[in-house]
Amino acid sequence: MEATSAALGVIADDYTGAVDVAGVLRERGAAVNLHFGVPADEAAGAPQPDGGAVVVALKTRSVPPDVAVAQALAAARWLRARGARQLFFKYSSTFDSTDAGNIGPVMDALYDETGLAHSPGPVAPVLACPAVPGYGRTVYQGHLFVGDRLVAESPAGRHPLTPKTDSDLVRLLSRQTAAVVGLLPRQVTAGGEAAVAGALAAMGRAGVRYAVADAVDDRDLAVLGAAARGHPLVTGAAGLAAALVGHLPPALGAGEPPAGLPAAVVSGSGTEATLEQVRRFSRLRPTFRVVPGAIARGDDVVAEALAFARRHLPTGPVLVSATAPPEAVRAEQQALGAERAARLVETALAEIAAGLVSLGVRALVVAGGETSGAVVGRCGVDHVVIGREVAPGVSWARTAGPDPLWLLLKSGPLGAPDLFAEALPGRAGTGGVPGGGMPAAAVPARGAGR
Ligand code: ADP
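Each chain has its residues counted from 1, running along the sequence as written. Only residues with pLDDT of at least 70 are given local features in this predicted model, and only at 80 or more are side-chain atom pairs given and counted; all residues enter the totals for whole chains, interfaces and linings. The basis for every side-chain value is the complete set of heavy atoms in the structure, and neither hydrogens nor water enter the calculation.

J.: Any chance you could explain the environment of Val265 here in plain terms?
T.: What counts as a helix is a DSSP run of H or I of at least four residues, what counts as a strand is a run of E of at least two, and both are numbered from the N terminus. As for its placement among the helices and strands, Val265 is situated in strand β12 (residues 263-267). Sequence-wise, Val265 and Leu364 are 99 residues apart; in three dimensions their C-alpha atoms are separated by 5.7 Å. We call two residues in contact whenever any of their non-hydrogen atoms come within 4.5 Å of each other. If we ignore the near neighbours within four places in the chain, the residues touching Val265 are Phe281, Val318, Leu319, Val320, Val365, Phe420 and Leu424.

Okay, here's the thing in structure tokens:
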């Protein structure tokens, strides 16, 4: 057991966030395994890194708090049974939650689960810090900023399911828990690890259970990470997780799909960033467009997409995309209802992804958080090992076993415009693809007349 135990167990509240944190840990040199959902029992033979990090990806950001708590507890128990000595609860760098949760309720449950609630003496508070300075997410005086705006005043604050109306994390977290929430201000963190340790001890004696910690740059996070290293529970986004890595043993091997593996891109994200990525890649490679209206009227879009893929895969990767400009998406949503349009697209893309794998595709780029969840579920992937980080927050991952499937799961906003070609070097453009890259004009986009 000791030889296969994990030092750090991460519980992530969504899939792409899990890939993000796993990639960051891997980039810092740690061996990282990622499980989608709480593994059933012993995850039948899944290899575990020797003392590295194990990430369990949940989808609990917008579910009722009791469901989120139950799943987080199941993940925590599984991780602890595998030897995780420290748990990290990973939420988004915009602290996605509502007054009802789910960050506070999950923290409360993990606080109990790790035994902290029953400690005989005062306990240093659990850190809560969503800062990821590299993405422009910083915390100052307990207030969360996105770039130069408070989160509640930023575009990131206008989320349909988890709108951010309060940028004061102490106040916000206090509404989600009955426990005492305090602030570890930057003035303390600037004094280094000893100053932080002293302040946390004093807060613990004063009955503070959670400390919202300021961090405006990676140095602040490094100080917090060092101070939190021995603590059984830490919470935050990928920035603080990365700062905990120093004590984990390094990973072996690099980790990206070898050139020449059959590859495809499946996109269901609706962000501007993905729209541009799709536009660029569709100039390089044949593209099949999935349109919700066509699925709704009974076209066999899955079969059409797979026939298209069968024709074009021999020359390099294909792109299957539902990503469309906002006006087009709005029109589809008006015609079908937003929820129905989304489900139709997700189901079709997941079905197409599974079909692509059956056709021999072994390197699959998936754009979109929900889309990634649907694809991973439909392809029956429950466990991956993290490989090379292609862009901040976007890393290759591969399934275990002799004929692995490589996945690059990308959250909507992430990645530069040429991400898809960069992720599939030597395959996408004119270089390295047997038969040459095919001009997009030679293969009109199809799949319901757009
Ligand atoms: P992101 O990470 O960009 O938010 P997601 O995959 O999480 O991407 O969410 C995008 C949602 O939009 C998915 O549910 C997807 O099925 C839906 N969708 C994608 N394309 C269309 C379209 N053309 N019309 C309507 N809905 C779409």
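Okay, back to it.
J.: Would you take a moment to explain the site of the ligand for this structure?
T.: Nearness of a residue to a molecule or strand requires only that one of the residue's heavy atoms be within 4 Å of it. Neighbouring residues of the ligand: 17 residues in total, closest Ser269, Glu346, Gly369, Glu370 and Thr371. For this analysis, a polar contact is any N or O atom pair within 3.5 Å, provided that within protein one partner can donate a hydrogen and the other can accept it, and provided that sequence-adjacent residues contribute only side-chain to side-chain pairs. Between Thr371 and the ligand, the recorded distance is 2.6 Å, taken from a side-chain N or O atom to an oxygen atom. Mapped onto the shell around the ligand, the elements with two or more residues apiece are α12 (326-336), α13 (338-358) and α14 (369-378). Sorting elements by how many residues they give to the shell around the ligand places α13 first, with four residues. The residue classification treats Ala, Val, Leu, Ile, Met, Phe, Trp, Tyr, Cys and Pro as nonpolar and Asp, Glu, Lys and Arg as charged. All others, Gly included, are polar. Residues that form the shell around the ligand fall into these classes: six nonpolar, eight polar and three charged.

J.: Whenever I open this one, the packing of helix α11 (residues 301-312) against α13 confuses me. Can you help?
T.: For any two helices packed against each other, the geometry is given by the interaxial angle and the distance between the axes. Note on geometry: axes are lines fitted to C-alpha atoms, helical ones only across the stretch in contact, with angles between N-to-C directions running from 0 to 180 degrees. For the pair α11 and α13, the least separation of the axes is 9 Å and the interaxial angle reads 35 degrees. Between α11 and α13 lies a crossing whose hand is right-handed. Between α11 and α13, the residues in contact are Val301, Val302, Ala305, Leu306 and Ala309 and Ala348, Glu351, Ile352, Gly355 and Leu356, respectively. Grouping the constituent residues of the contact of α11 with α13 by class yields eight nonpolar, one polar and one charged. Two helices crossing with the near one rotated counterclockwise from the far one by less than a right angle form a left-handed crossing, whereas a clockwise rotation gives a right-handed crossing.

J.: How should I be thinking about the sheet that holds strand β6 (residues 137-140) in this particular structure?
T.: The strands making up a sheet are joined through hydrogen bonds of the backbone, oriented either antiparallel or parallel. Strand pairing is defined by DSSP finding a minimum of two bridges between the two strands. The three strands are arranged β6-β7-β8 in an open sheet whose pairing can be described as antiparallel. Bordering the open sheet on either side are β6 and β8 (149-150), each of which pairs with just one other strand. Of the strand pairs in this sheet, strand β7 (residues 143-146) and β8 are connected by two bridges, and their pairing is antiparallel. If you follow Phe145 over to β8, its bridge partner there is Leu150.

J.: Sorry if this is basic, but what is going on with the nonpolar core here?
T.: As used in this record, nonpolar core signifies buried Ala, Val, Leu, Ile, Met, Phe, Trp, Tyr and Cys residues forming a set joined through side-chain atoms within 4.5 Å. Only protein chains enter the accessibility calculation, which uses a 1.4 Å probe. A residue is then buried if its area is under 20% of the maximum for its type, exposed if over 50%, and partly exposed in between. Of all hydrophobic cores here, the largest spans 121 residues; its most connected members are Leu25, Val55, Leu127, Leu224, Leu356 and Leu364. Considering each element in turn, this core owes the most residues, nine residues, to α13. Once you skip the residues sitting within four places of it in the chain, Val55 turns out to touch Val10, Ala12, Ala18, Val21, Ala22, Leu25, Val32, Asn33, Leu34 and His35. Trp406, Leu414, Leu419 and Leu424 belong to the second largest nonpolar core, which has 19 residues in total.

J.: Just checking my understanding: could you explain helix α1 (residues 15-27) for this structure?
T.: Residues that lie three or four places apart on an α-helix share one face, since the helix turns once every 3.6 residues. For a helix, the expected span equals 1.5 Å multiplied by the residue count minus one. For α1, built from 13 residues, the straight-helix expectation of 18 Å at 1.5 Å per residue is met to within 8% by its first-to-last C-alpha distance of 18 Å. Of all 13 residues that make up α1, twelve are buried, and the element is covered over most of its length. Of the positions making up α1, those classed as buried are Tyr15, Thr16, Gly17, Ala18, Val19, Asp20, Val21, Ala22, Gly23, Val24, Leu25 and Arg26. Residue Asp14 occupies the N-cap position of α1, its side-chain oxygen lying 2.8 Å from the main-chain nitrogen of Gly17. After α1 finishes, the residue Gly29 shows a positive phi value of roughly 110 degrees.

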